[in-house]
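Structure at a glance
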Amino acid sequence: MVTKKTLSYKETLFEVEAPDIAAKAQAGQFIIVVPHEKGERIPLTICGYDTQKGTVSFAFHEVGKTTKELGCYNEGDCLLNVTGPLGNPSEIKKYGKVLCVGGSIMIAPIILQIKAMKEAGNHVTTVLGARIKEAMILEKEARELSDEVYVATDDGSYGYKGLDFLKELLEKEKFDRCVVMGPVVMMRDVSEITKPYGIPTIITLTPVMIDGMGMCGVCRVTVGGKMLFGCVDGPEFDGHLTDFEELIQRQRQMLPEERLSSLVWETSGGCKCGRNKA
Amino acid sequence: MRKQEPKVRAKNFKEVALGYTEEEALEEASRCLTCPKPQCVTGCPVGVPIPEFIKCIKEKKYAEGIATIKTKNALPAVCGRVCPQESQCQSKCVVGKMGDPISIGRLERFLADWERDNGFQLPPKPEPTGKKVAVIGAGPAGLTVAADLVKRGHEVTQFEALHVGGGVLSYGIPEFRLPKAIVQNEVNYVQKLGVELRLGNLIGRTHTIPELMKEGGYDAVFIGSGAGLPQFTGCPGENLGGVYSANEFLIRVNLMKAFAFPDYDTPIRIGKHVVVIGGGNVAMDCARCSMRLGAEVCLVYRRSRDELPARHEEIENAEEEGLVCKFLAAPLEFIGNERGWVKAMKCICMELTEPDARGRRGVKTIPGSEFTMDVDTVIIAIGQTPNPIIGRTTEGLVSDPKRGTICVDEVGKSSLDGVYAGGDVATGAATVISAMGAGKRAAQAMHEYLTNKK
């Protein structure tokens, strides 16, 4: 791990040395991280890469055991394994006016998306969403890169309250493409909002995965009535064709186990740095 | 051979078969007739010199015995455990015509285990040829090719997508049939021969085959990426919670050690009533893992017991451990509860049809024979196809559009010059030893190709 940047109380951005991945990484792809020998394989969307330095960066929100544990890693620490870049790269080209919507921790990878869309000559309008004001991340970076930026929070403590304002925005302006990266519920809501306006809406899924290369099938998702795999067919899908209800249910499959894992870890002292002691 | 008691072993993940003691091995070896024209060797896909290594056991020359096996087989501890010997070498054994054939697999295992306890002996280092080979996948086929080519003096780099080597030996075959420490040992042996193993490197994404050959300077490539893409039934409700592909289930349990959760971080959720759909070795492995995780397991197979494709020994082991089978039945629909978790499975009864021209019996449904089973976990073990990533990212590589397998000739040569393939990626899901056999043939062909290449 080369650099660690704290984005907010529970959100961290890491830059790791992985020259093979950095040389190939493109916006929209992800990596699989295995922290240590007993650890899980977790998929994380690529937030940036530097071919010269041979590094890639990824961000995470501390929810379960693995992400809390990762939050305790520091510069100079080593991960057991990082595999990538996985998944298909985003289709970046000149569309005209692009709406980039990033929510929660997925604001970090949408920055890379904004950058790529700008470089392709698009006019980019960015919407950043967070639960509360304190969880809003990378706003400055988004403002520097985008043509316009709107911010919203669930509780209205900062910017607009919720995403309803999007409807007004879509009434006023015509967009040629919408890219959404965020929690599943947010991607569903945005897809519902853009549908009546006929704006092609691309969502990025980070479903539960194990291998991330087409073997386990846990990341399967129904799109347009067909069973597809998040890892090899995605991670980007048409938001208007995705079966969100099924996706939300599948995301919750192992929730009790995840909570147990987290609890066991915390009550046994968490990590040595003491950040996550119960 | 001694085994753990069924009641005991059905609750742990320790190896079921305990292996021969020296006395047992000597007694078994003494039965071998050391035939001058050994038939057993003709039944071995990699041509292990069987009578020769058994003779070494008779003479207690164990180091020589294991070296004899390793002239042909780099993974004896694996083959001694998971090869279907009953339908290969042992089926041809002359002693077997009159009674029980020689337990060749158990003797092979005995020597491999002896070597593990007594230390490796590496063959002498070959003269370098200056040729570079990339081997994709560190499973049985890839390990065989890598070992064979490095022994012939080529520089070999092995690319493995997962974070550990071994391929299906690590993620697929359960600990109780093939302990992971043994797999790791075999992988280490291949590295000690001089093969460089690069983990977490998915060919097609991290590097493509054209990149390896153009920029990487590799003179030849072997694709041994296996058959990892799971097949599903297509029945409604298949995406409900609690419906696993065999791969997901086995990867969680074997590779990620979910049986030791929460000491290991990857969980597995398993209910009381598990149904496994399928009848091959993978289905047996899923069933037996489920029992060890505390479930009652029913295997649902659309043909009858006689057609079960799994190894007999594994079927017997599973039944001893408490497996219940429902033959001549197939799923129609999975029914979920209000939380999106599977709670029942609707099935239909099947009957076998008359044999066709090739003597193979088909199946057809019996109208009106639907029935419903209460289940809370379903594992679908009806086969795997090759992963599509390499095919999609390698221009000019011809594959079978239906099965997704890479098209190769009898020695493993693909449609691209210098690119070879073998094992499950070329044949569809098969056995460890047939993948190793394909690896052997490809290695020989690649060696000739490299030697003739300027």
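Position numbers for residues start from 1 in each chain and track the written sequence from start to end. Each chain takes a letter, starting from A, and each ligand takes a number, starting from 1, following the order in which they are written. Local features in a predicted model are, by the rule used here, given only for residues with pLDDT of at least 70; side-chain atom pairs are given and counted only at 80 or more, and totals for whole chains, interfaces and linings are based on all residues. Computation of side-chain values covers all heavy atoms of the structure but excludes hydrogens and water.

Segments assigned H or I by DSSP are reported as helices when at least four residues long, segments assigned E as strands when at least two residues long, and all are numbered from the N terminus. Regarding its fold elements, chain B presents 17 helices and 16 strands. Expected size for 454 residues packed as a compact globule is a radius of gyration near 22 Å; at 23 Å, chain B falls within 12% of this value. Counting only C-alpha atoms, chain B reaches 65 × 55 × 55 Å along its principal axes. Per-residue accessibility, obtained with a 1.4 Å probe over protein chains only, is compared with the maximum for each type, and a residue is labelled buried under 20%, exposed over 50%, and partly exposed between these values. Across the 454 residues that make up chain B, the buried fraction comes to 57%. Note on contacts: a residue pair is in contact if any heavy atoms of the two residues lie within 4.5 Å. For chain B, the proportion of contacts with a sequence separation of at least 24, taken over those separated by at least 6, is 68%. Here the Shrake-Rupley method, with its probe set to 1.4 Å, supplies the accessible areas, and only the displayed protein chains count as covering residues. Here chain B displays about 18,400 Å² of accessible surface, and carbon together with sulfur accounts for 52% of that area. Residues scored as charged are limited to Lys and Arg (positive) and Asp and Glu (negative), so that His and the chain ends carry no count. Charge positions are represented by NZ for Lys, CZ for Arg, CG for Asp and CD for Glu. Each charge class in chain B was averaged separately, 57 positive and 55 negative side chains, and the resulting centres sit 1 Å apart. It is over C-alpha atoms that the radius of gyration is taken, and the globule rule equals 2.2 Å times the number of residues to the power 0.38.

So, about the interface of chain A and chain B. Contacts between chain A and chain B engage 46 residues on the former and 47 residues on the latter. For the pair chain A and chain B, the two sides together bury roughly 3,800 Å², of which 55% comes from carbon and sulfur. Defined here as a combined quantity, buried area equals the accessible surface (1.4 Å probe) lost by two parts on assembly, summed across both. Of all residues in chain A, Lys38(A), Met215(A) and Met254(A) give up the largest surface area on contact with chain B, accounting jointly for 18% of the area buried on that side. Salt bridge, as used here, is a side-chain nitrogen of Lys or Arg placed within 4 Å of a carboxyl oxygen of Asp or Glu. Connecting chain A to chain B are six salt bridges. Put simply, Asp263(B) and Lys38(A) hold a salt bridge, and the shortest N to O gap is 3.1 Å. Identification of polar contacts relies on pairs of N or O atoms within 3.5 Å, with a donor-acceptor requirement for protein atoms, meaning one able to donate a hydrogen and the other able to accept it, and with residues adjacent in sequence counted only if both atoms are side-chain atoms. Along the contact surface separating chain A from chain B lie 23 residue pairs in polar contact (both at pLDDT 80 or more). Elements with a minimum of two residues in the side of chain A that touches chain B: α1 (19-24), α2 (65-71), β6 (81-86), β13 (220-223), β14 (226-229), α7 (244-251) and α8 (255-267) of chain A.

This brings us to the sheet that holds strand β4 (residues 42-50) of chain A. All names here are of chain A. Pairing between two strands is assigned when DSSP locates at least 2 bridges connecting them. In spatial order, the strands read β1-β2-β5-β4-β3-β6; together these six strands make up an open sheet with antiparallel pairing. Across the chains shown, the open sheet's two edge strands, defined by having one partner strand only, are β1 (3-8) and β6. The sheet shows a mean angle of 30 degrees between the axes of neighbouring strands, direction not considered. The pairing of strand β2 (residues 11-17) with strand β5 (residues 55-61) spans seven bridges and is antiparallel. The residue of β5 that forms the bridge with glutamate 17 is threonine 55. Angles here are taken between N-to-C directions and fall from 0 to 180 degrees, while the axes themselves are lines fitted to C-alpha atoms, restricted in helices to the stretch in contact.

So, on to the packing of aromatic side chains. Pairing of aromatic side chains requires ring centres within 6.5 Å, counting the rings of Phe and Tyr and the six-membered ring of Trp. Pairs whose planes differ by under 30 degrees are stacked, by over 60 edge-to-face, and all others tilted. Applying the stated rule across the entire model yields 15 aromatic pairs over all chains. Taking 4.3 Å as the distance between ring centres and 15 degrees as the angle between the ring planes, the aromatic pair formed by Phe13(B) and Phe259(B) counts as stacked. Pair noted here: Phe13(B) is in the loop between α1 (6-9) and α2 (22-30) and Phe259(B) is in the loop between α12 (246-255) and β7 (273-277), with a separation of 246 residues, a long-range link. An aromatic cluster of at least three residues, connected via ring pairs, comprises Phe14(A), Phe58(A) and Phe60(A).

Glancing now at unusual backbone geometry. Gly234(A) connects to Pro235(A) through a cis peptide bond whose omega is 10 degrees. Mapping Pro235(A) onto the fold places it in the loop between β14 and β15 (236-238). For the peptide bond that leads from Phe261(B) to Pro262(B), omega is 5 degrees, which places it in the cis range. One non-glycine residue, Thr34(B), lies in positive phi territory at about 45 degrees. With respect to the secondary-structure elements, Thr34(B) resides in the loop between α2 and α3 (50-58). In this structure Thr34(B) comes out as partly exposed when scored by relative accessible area, which is 30%. Unusually for a residue other than glycine, Leu328(B) sits at a positive phi of about 55 degrees. Examined against the element boundaries, Leu328(B) turns out to sit in the loop between β9 (324-327) and β10 (329-336). Given a relative accessible area of 24%, Leu328(B) falls into the partly exposed group.

Okay, the packing of α12(B) against helix α13 (residues 281-292) of chain B next. Residues and elements named next belong to chain B. At a closest axis distance of 10 Å, the pairing of α12 and α13 adopts a crossing angle of 50 degrees. The angle between α12 and α13 places the two elements in the oblique class. In this structure, α12 meets α13 at a crossing whose hand is left-handed. In this structure, α12 uses Ala246, Phe249, Leu250, Val253 and Asn254 to contact α13, whose residues at the interface are Val282, Asp285, Cys286, Cys289 and Ser290. Throughout, the ten residues Ala, Val, Leu, Ile, Met, Phe, Trp, Tyr, Cys and Pro are labelled nonpolar, Asp, Glu, Lys and Arg are labelled charged, and all others, Gly among them, are labelled polar. In terms of residue class, the contact of α12 with α13 is built from seven nonpolar, two polar and one charged. Just so you know how the angles are binned, under 35 degrees is roughly parallel, over 145 roughly antiparallel, 65 to 115 roughly perpendicular, and the rest oblique. By definition, turning the near helix anticlockwise from the far helix through less than a right angle yields a left-handed crossing, and turning it clockwise yields a right-handed one.

All names here are of chain B. Tracing the backbone through its elements, the reader meets glutamate 115 in helix α7 (residues 104-118). You can call glutamate 115 buried: its relative accessible area is 6%. Setting aside its immediate chain neighbours within four residues, glutamate 115 contacts Ile66, Lys70, Phe120 and Gln121.

It is worth spelling out the pattern of salt bridges at this point. Throughout the structure, instances matching the rule amount to 44 salt bridges over all chains. Taking the shortest distance from any N to any O, the salt bridge between Glu245(A) and Arg188(A) comes out at 3.2 Å. Of this pair, Glu245(A) sits in helix α7 while Arg188(A) sits in helix α6 (residues 184-194), and the two are 57 residues apart along the sequence. According to the relative accessible area criterion, Glu245(A) is partly exposed, its value standing at 48%. For Arg109(B), the salt bridge identified is with Glu15(B), shortest N-O distance 3.3 Å. Of this pair, Arg109(B) sits in helix α7 while Glu15(B) sits in the loop between α1 and α2; the two residues are 94 residues apart in sequence, bridging distant segments of the chain. Three or more residues are tied together by salt bridges with common partners; here these are Arg9(B), Glu86(B), Arg177(B), Asp285(B), Arg288(B), Arg292(B), Arg311(B), Glu313(B), Glu314(B), Glu320(B) and Glu321(B).

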